[in-house]
Amino acid sequence: MIATRNHETLPGLDRLRLYGQVLDLSGSDLVFPINALSVEDWDRCAGWPVLLSNAAAAPVGDPDDTRLTHFLADCCLADLTEAQVCALVLGEHEWPSWLMERLPPLAHPSTQAYRRVLAALPGAVEKRLLSCFADPAQQGLFSSTLAQALTRKPVHLKAVILQLLARGQGGQAVSLFCKVGGWFLYYRLGHAAFQELLSMLEAACDEHSEELIISRAFVVIKAGDIGWALQFLARHFGPDMRDVLKVLSSESALSLRVRLFRITVLIYEDVAPTDRLLNALFDIGRDLPLNAPEQRGSFYNAMLEFFLRLRRYEEADGMAEKAMAAYRQADYPILCFYIALHQSVLSLLTSDFNRMVQFLRLAADMLQNSGFDSPGDRRLMDLVNACMAYENGAPEALLAFLDHDLSGLMEGELWPSLADIAIYYGSHALSVHMSTRAGLRFLERWSVYQPLNRQFRLSLEVRKAQILQNGNGWGDAVRLLTPLSAGFNRVWIESAEDALARLSARNEITLAMTWLRQIAYERPSFLHLDRKLEMILSNPHLLVRQEIAATIWLAFVCRHTQQNSKARNLLRQVFELCASHGGLTALAEEWLFLDHLLQDKRMAEFVMAATPARAILRRLDKGRQSSLAAARTQLTQQELKILMMLAEGASNKLIARNCGIAEPTVKFHLKNVYRKLGCTRRHEAIATARALGWVR
């Protein structure tokens, strides 16, 4: 009697089989039928004789069932082919027939035997994988297909690498780490598990490989310290790592993987991409390996962020689609989440809120399927959701986020396009629903937590000036804006026309518009101001909210220059634009101008004739404007403006210059203000106005 396994052959066996002298038995022929055992024994073994003996009973106090795990690995899984090992690693929804022949209890899920085998199977698979990667003689037998399977379902991967390290086989462990994706493994394991694994690999190696260096820098970036990561990369790969153009140059001695990673780092730096940089990026994009979809996806992801900064939204959308396709091909749900979140940010910037809802749902699904908990990523999605709710007139979610999650947001991973959104919506919400001072304190906090490069500093200072303007601090806003420079100043703005339509950099446009806003409020009759606003409106790089704002200023200027018909039409355009694209926050931001326009009864009736205007105005929170409404019942527009400047500490001479009137006229208006407030001195008038809530 000769017994052989399926893969074994004996000379002459086929001849005997032809003569009918061989008995072939399958796995099912070697198990007990259910009616041959008692109910207790069947539950114990599910017909598999090996589990029926007393020696095979589940050991007391050994929850891991170590003996069964070793038996499965050494006797049942030892001769698996590569395809079969891959099938076990990927964890198919239904057990394959070949596995149920080897492990009969898997066909009977209701038994104790099934539960024992199921609990011992992962350890057995890990032991089998360890033999594949630990034994140099077997490593060549298993191609990259098995490594690819491990990257898609890394439940066993970390355990195998740790066992290799425990056996002193650090070289094999690092080799396997690189083979299964290297730093991209972060997106399979999550932050804590990846950092633990990386620390053990670094401790086991005297000289760190290129992949370990990249991985350590990436962990630091994910913790929010971009500066330290760049310093670390420069120490290991040379000082040229700080110069992106040198890294991307075809003459660079750095490997393609290091150069591609440097592009990923660029996502987190607040750098305005130049044409030269974009050309260098596209040049390296042609060298992307076709068999590495995760690397192609990361390249497209970086290009998406750069086009967002340049406000080239159609190109950004195209890059997002390419990145999503690549990440889906590579089966990285968390990276798909980042792209969906980017697309929701893109929709928020373009005020396409219906599309934004779709992408946020997709982002939530992808985050759910990531396989690990990621509080930082969930915080990013909460921020975008809160901003969308704020646009719909519901500030509670954003205010709660700013109260509970702001510190975590600042200290963690945050790319510049998301930082811009957080700064804009956060400062607006706090200044409107709390105070101007709260909005300014919020902006000051960003100076502490984020890198103070020139671009970011300028953005913060301009936003502070806008918050001061919103709080009627026009004089303070001027003092803050005057030293800022983006290639021009107020004098240039007052003389420029056609050049306003050609501004392209994000900070240039923001600073120019902030100056135009200041001039429109202080001197609406300024020569050719309407033409300047029309030129900025023709600029193709404006956001929808900026287009809404500039149109409101133009209507304000037209009303002051007796172009009432044009002002009415412009205001109607604003509400039509808001009805089609959204932009409730933009309207609230420009309430000082908008409310002044709506004080004109004929203009208000003309605008209210359009149904969208009524619906939109009902959604606006008028709580902050209630005190101003009370002030307007007592003071004229000019008196109120002078009172606000007075509260900022402006002298009569400065008030006269900013309002375009003579000093005696200023004194005349001040006497009227004192009389209406029941005061005789400046400080008494300021104190009374603040007590009434007329000024801040």
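The shown structure was predicted, so the numbers you read here are calculated from the model rather than taken from an experiment.

Definitions and cut-offs
Residues numbered from 1 in each chain as written. Predicted model: local features only at pLDDT ≥ 70, side-chain atom pairs only at ≥ 80, totals over all residues. Heavy atoms only, no water. Helix = DSSP H or I, 4+ residues; strand = E, 2+ residues; numbered from the N terminus. Rg over C-alpha atoms; globule rule 2.2 N^0.38 Å. Buried < 20%, exposed > 50% of the residue type's maximum accessible area, 1.4 Å probe, protein only. Contact = heavy atoms within 4.5 Å. Areas by Shrake-Rupley, 256 points an atom, 1.4 Å probe, with all protein chains shown as cover. Axes fitted to C-alpha atoms, helices over the stretch in contact; angles between N-to-C directions. Left-handed = near helix turned anticlockwise from the far one by under 90°. Nonpolar A, V, L, I, M, F, W, Y, C, P; charged D, E, K, R; others polar. Phe/Tyr/Trp six-rings, centres within 6.5 Å; stacked < 30°, edge-to-face > 60°. Arc of directions from axis to C-beta. Disulfide = S-S within 2.5 Å. Patch = residues over 30% accessible without salt bridge, like charges linked within 9 Å, V, L, I, M, F, W, Y side chains within 5 Å. Salt bridge = Lys/Arg side-chain N within 4 Å of Asp/Glu carboxyl O. Core = buried A, V, L, I, M, F, W, Y, C linked by side-chain atoms within 4.5 Å. Parallel < 35°, antiparallel > 145°, perpendicular 65-115°, else oblique.

**Re the overall build of the chain**
Along the chain, the regular secondary structure elements total 42 helices and zero strands. Its C-alpha atoms give the chain a radius of gyration of 34 Å, more than 25% over the compact-globule value 26 Å for 696 residues. By the burial criterion, 54% of the 696 residues in the chain qualify as buried. Long-range contacts, defined as pairs at least 24 residues apart, comprise 66% of the intrachain contacts of the chain with a sequence gap of at least 6. Just so you have it, the chain exposes about 31,400 Å², and 52% of that area is on carbon and sulfur atoms.

**Considering the packing of helix H22 (residues 375–391) against helix H23 (residues 396–404)**
For the pair H22 and H23, interaxial distance at closest approach is 7 Å and the crossing angle is 145°. Considering the relative orientation of H22 and H23, their crossing is left-handed. Along its contact with H22, which presents Arg379, Asp382, Leu383, Ala386, Cys387 and Tyr390, the element H23 presents Ala397, Leu398 and Phe401. Residue composition of the contact of H22 with H23, by class: seven nonpolar, no polar and two charged.

**Observations concerning the packing of aromatic side chains**
Evaluated as defined, the whole model comprises 28 aromatic pairs. An angle of 75° between the planes, with centres 5.1 Å apart, marks the rings of Trp183 and Phe261 as edge-to-face. Of this pair, Trp183 sits in the loop between helix H10 (170–179) and helix H11 (186–189) while Phe261 is found in helix H16 (residues 256–267), placing the two residues 78 residues apart along the sequence. Judged by centre distance (4.0 Å) and plane angle (5°), the rings of Trp474 and Tyr521 are stacked. Highlighted residues: Trp474 in helix H28 (residues 474–481) and Tyr521 in helix H30 (residues 506–522), separated in sequence by 47 residues. Taking relative accessible area as the criterion, Trp474 reaches 2% and is therefore assigned buried.

**Some thoughts on helix H9 (residues 157–166)**
Working note: α-helix, 3.6 residues per turn, so residues spaced by three or four point in the same direction. Of all the positions in H9, only Leu157, Lys158, Val160, Ile161, Leu164 and Leu165 are classed as buried. Buried residues in H9, looked at end-on, bunch into an arc of 165°, giving them a common side.

**A short note on the state of the cysteines**
What we call a disulfide is simply a covalent bond connecting the sulfur atoms of a pair of cysteines. One pass over the full model with this rule turns up zero disulfides. Free cysteine Cys75: the closest other cysteine sulfur is in Cys76, separated by 6.1 Å. Using a relative accessible area of 35% as the deciding quantity, one classes Cys75 as partly exposed. No disulfide involves Cys679; its sulfur sits 20 Å from that of Cys659, the nearest cysteine. Under the relative-accessibility criterion, Cys679 is labelled buried at 10%.

**Overview of a nonpolar patch on the surface**
Side chains of Leu23, Leu25 and Leu30 sit close together on the surface and give an oily, nonpolar patch of about 340 Å² of accessible area. Along the polypeptide, Leu25 turns up in the loop between helix H1 (13–18) and helix H2 (39–45).

**Things to note about the nonpolar core**
Ranked by internal contacts, the top residues of the largest apolar core, which has 162 residues, are Tyr187 and Trp446. With 85 residues, the next largest nonpolar core counts Ala512, Leu533, Phe593 and Ala613 among its residues.

**Quick look at the packing of helix H20 (residues 333–349) against H22**
Packing of H20 against H22 brings their axes to within 11 Å, and their N-to-C directions diverge by 20°. Comparing the axis directions of H20 and H22 gives the class roughly parallel. When the axes of H20 and H22 are compared, the crossing they make is left-handed. Note on element contacts: H22 touches H20 through Asp377, Leu380, Met381, Val384, Cys387 and Glu391, opposite Ile334, Phe337, Tyr338, Leu341, Ser344, Val345 and Leu348. Broken down by class, the residue content of the contact of H20 with H22 amounts to 10 nonpolar, one polar and two charged.

**Thoughts on the pattern of salt bridges**
For the structure shown, the criterion picks out 25 salt bridges. Between Arg102 and Asp79 there is a salt bridge whose closest N-O contact spans 2.6 Å. One end of the pair, Arg102, is in helix H5 (residues 97–102); the other, Asp79, is in the loop between helix H3 (66–76) and helix H4 (82–90), with 23 residues separating them in the sequence. Residue Arg102 is classed as partly exposed on the basis of its relative accessible area, which comes to 23%. For Asp79, a relative accessible area of 25% corresponds to the partly exposed category. Members of the salt-bridge network, linked through shared partners, are Glu444, Glu461 and Lys464.

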